[in-house]
Amino acid sequence: MPGPGSFLIGEEERRHVAEVMETGYLSRYGSETDPRFKRKVVTLERLFAERSGVRHALAVNGGTGAIMASLVALGVGPGVEVLVPGYTFVASISAVLAVGGIPILAEMDESLTMDPGDLEGKITGRTRVIMPVHMLGNPSAMDAINAVARRHKLLVLEDCCQALGATYRGKAIGTYGDIGAFSLNINKTITSGDGGIIITDDTGIYERAFAYHDQGHKPLRMGLEIGKRSILGINLRMNELSGAFALGQLEKLDRILSMLKDRKARFKNALSEARIPGMKFRVLNDPGECATLLVVIFDDPGRAARVAKEVGSKTVAESGWHVYNHMEQILAVTDEKGKPRYHKGMLPRTDDILSRSIALSVGVVDAGLGAGFGINVLSNDVELRAAADRFIRAARAGSNP
Ligand SMILES: Cc1ncc(COP(=O)(O)O)c(C=O)c1O
């Protein structure tokens, strides 16, 4: 059970899903006039938009689909460049390639999110979108990123997949850029097994995202609209069962966030009080982060590797999935002349910081993120203290090779 929402499945989800099963309306589209049609997906969209403080939300089948539809809505297509950090889940990069665009990999900083200082040197006449990724629950430095975007007349797509529930400057993430894409997969703050949500305040962008997600149709159709479809779309629709499950999870999102924040504060405090030399916490761009993980950065990569091994984990650099160096399918991509576009070691600052970083689980327990060790959203005081003590012992011992 990797994400906090999956630890807390209960009566709320059961009630919403049972309603759908009783009526048999399994698609997001049903009869406008039949009171048995419960409109779970449409309700999820309305509540998520309200909670985020934007005009539009669109539920889709996953975070990858949410990013693809967002890219298309922002006009990304063949040959268009998108700036994206090299430390992210592969989907942020592969979604750009899937719609014909060209991902341009950018460095991250000690927040483990996009380094705004690395963007301007990588902008070309073909760049259209900057895609910050709010990694491991931490909002990206949106003020600085938006300033670059404004200076160069670029659009911003926030990949919010790992930070549902986080805020930046008091507002929901996903509302700072032109569009925000969320995931409801099993590792996320709340889940529907698989699922995704897009938010935007711009009606034109929303209509294009909706059309791409459903064969070119206009938003909220309930019937056929032959002759009115203006763009080529595919099918990324969310179904009523997933929408129902997600509604149950959304009802407990605030409870989940406060449980995460409480546990993270106590876990972090225990590590701070131990005053471990040569170890610091990663930079948080806003205290509104969603507290799913606690990341520590050591001065020395050898020591970080020893400490991680001692607690049965790995440094973030070695943890697998989220580092461009380990994305063989991306490293295989070539340019128009057949030359590789990307290569291992092309982001030296990212590599350096990640080789010194260890992610400790607070609510997301995922070895693929390097967070196979730590606590979870239900951990009690004794478990929390035991995990902290074990890590502190390992960190102290790790100073002596
Ligand atoms: C940063 C990031 N972007 C995109 C995705 C893709 O989301 P999904 O798995 O729902 O397609 C994920 C999911 O792991 C993610 O962590």
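Residues numbered from 1 in each chain as written. Predicted model: local features only at pLDDT ≥ 70, side-chain atom pairs only at ≥ 80, totals over all residues.

(A) Expanded view of the overall build of the protein. Of the regular secondary structure elements, the protein holds 13 helices and twelve strands. Here the protein has a C-alpha radius of gyration of 21 Å; the compact-globule value for 401 residues is 21 Å, and the two agree. Along the three orthogonal principal directions, the C-alpha set of the protein runs to about 70 × 55 × 35 Å. Taking all 401 residues of the protein together, 55% fall into the buried category. The long-range share in the protein, meaning contacts at least 24 apart out of those at least 6 apart in sequence, stands at 68%. (Helix = DSSP H or I, 4+ residues; strand = E, 2+ residues; numbered from the N terminus. Rg over C-alpha atoms; globule rule 2.2 N^0.38 Å. Buried ≥ 20, exposed ≤ 12 C-beta atoms within 10 Å, placed from the backbone. Contact = placed C-beta atoms within 7 Å.)

(B) Molecular detail of the sheet that holds strand β10 (residues 279-281). Sheet architecture is open: three strands sit in the order β10-β11-β12, paired in antiparallel fashion. Of all the strands in the sheet, the pair left with one neighbour each is β10 and β12 (357-361). Each strand axis lies, on average, 30° off the axis of its neighbour in the sheet, ignoring direction. Looking at chain direction, β10 and strand β11 (residues 293-298) are connected through three bridges and run antiparallel. Counted as the bridge partner of K280 is I297 from β11. (Pairing = 2+ DSSP bridges. Axes fitted to C-alpha atoms, helices over the stretch in contact; angles between N-to-C directions.)

(C) Looking closely at the environment of M114. Within the secondary structure, M114 is located in the loop between β3 (102-106) and β4 (127-130). The sequence separation of M114 and V323 amounts to 209 residues, and the corresponding C-alpha distance is 13 Å. In this view, M114 contacts P85, A106, M108, P132, V133, S140 and I145; residues no more than four positions away in its chain are not counted.

(D) Expanded view of the site of the ligand. The local shell around the ligand holds 16 residues, among which G63, T64, F89, C161 and S183 are the closest. Every element with two or more residues in the shell around the ligand is listed here: α4 (63-73) and α5 (90-98). In terms of residue class, the shell around the ligand is made up of four nonpolar, ten polar and two charged. (Near = placed C-beta within 6 Å. Nonpolar A, V, L, I, M, F, W, Y, C, P; charged D, E, K, R; others polar.)

(E) Representation of the domain arrangement of the protein in the model. Split by domain assignment, the protein resolves into domain 1 (4-251) and domain 2 (253-397). Here domain 1 and domain 2 have C-alpha centroids that lie 25 Å from each other. Listed per partner, the contact involves 36 residues of domain 1 and 40 residues of domain 2. Residue assignment for the side of domain 1 that touches domain 2 shows that the elements contributing at least two residues are α1 (4-7), α5, β6 (167-168) and α8 (240-251). Grouping the amino acids of the side of domain 1 that touches domain 2 by side-chain chemistry returns 20 nonpolar, 13 polar and three charged. (Domains from an automatic or database assignment.)

(F) Region of interest: the sheet that holds strand β8 (residues 179-183). Pairing in this open sheet of seven strands is mixed, and the strands run β1-β9-β8-β5-β4-β2-β3 from one edge to the other. One side of each edge strand has no neighbouring strand; the edge strands of this open sheet are β1 (56-60) and β3. For this sheet the average axis-to-axis angle between neighbouring strands, irrespective of direction, equals 25°. The strands that helix α7 (residues 203-213) touches are β1, β8 and β9 (196-200); relative to β1, the one it contacts most, it runs at about 15°.

(G) Structural context of the nonpolar core. Residues A69, L71, V129 and I198 are the most contacted members of the largest nonpolar core, which totals 123 residues. Looking at this core, the element that brings in the most residues is α4, giving seven residues. Counting the residues that make up this core, at least three belong to each of domain 1 (4-251) and domain 2 (253-397). In contact with V129, not counting residues within four places along its chain, are L71, L74, V76, V82, L154, L155 and L157. (Core = buried A, V, L, I, M, F, W, Y, C linked by C-beta atoms within 7 Å.)

(H) Region of interest: helix α2 (residues 11-23). When the terminal C-alpha atoms of α2 are compared, their 19 Å separation across 13 residues agrees well with the 18 Å that a helix rising 1.5 Å per residue should span. Within the span of α2, buried status applies to E13, H16, V17 and V20. An end-on view of α2 places all buried positions within 95° of arc, on one side of the element. Summarising the geometry of α2, the exposed residues directed more than 90 degrees from the buried face are E11, A18 and E22. The elements touched by buried residues of α2 are α3 (40-52) and α8. Immediately beyond the C-terminal end of α2, within one or two residues, lies G24, with a positive phi of roughly 80°. (Expected span 1.5 Å × (residues − 1). Arc of directions from axis to C-beta.)

(I) Fine view of the pairing of β9. Within β9, five of the five residues are buried, leaving the element largely enclosed by the surrounding structure. Neither face of β9 is exposed, since G196, I198 and T200 on one face and I197 and I199 on the opposite face are all buried.

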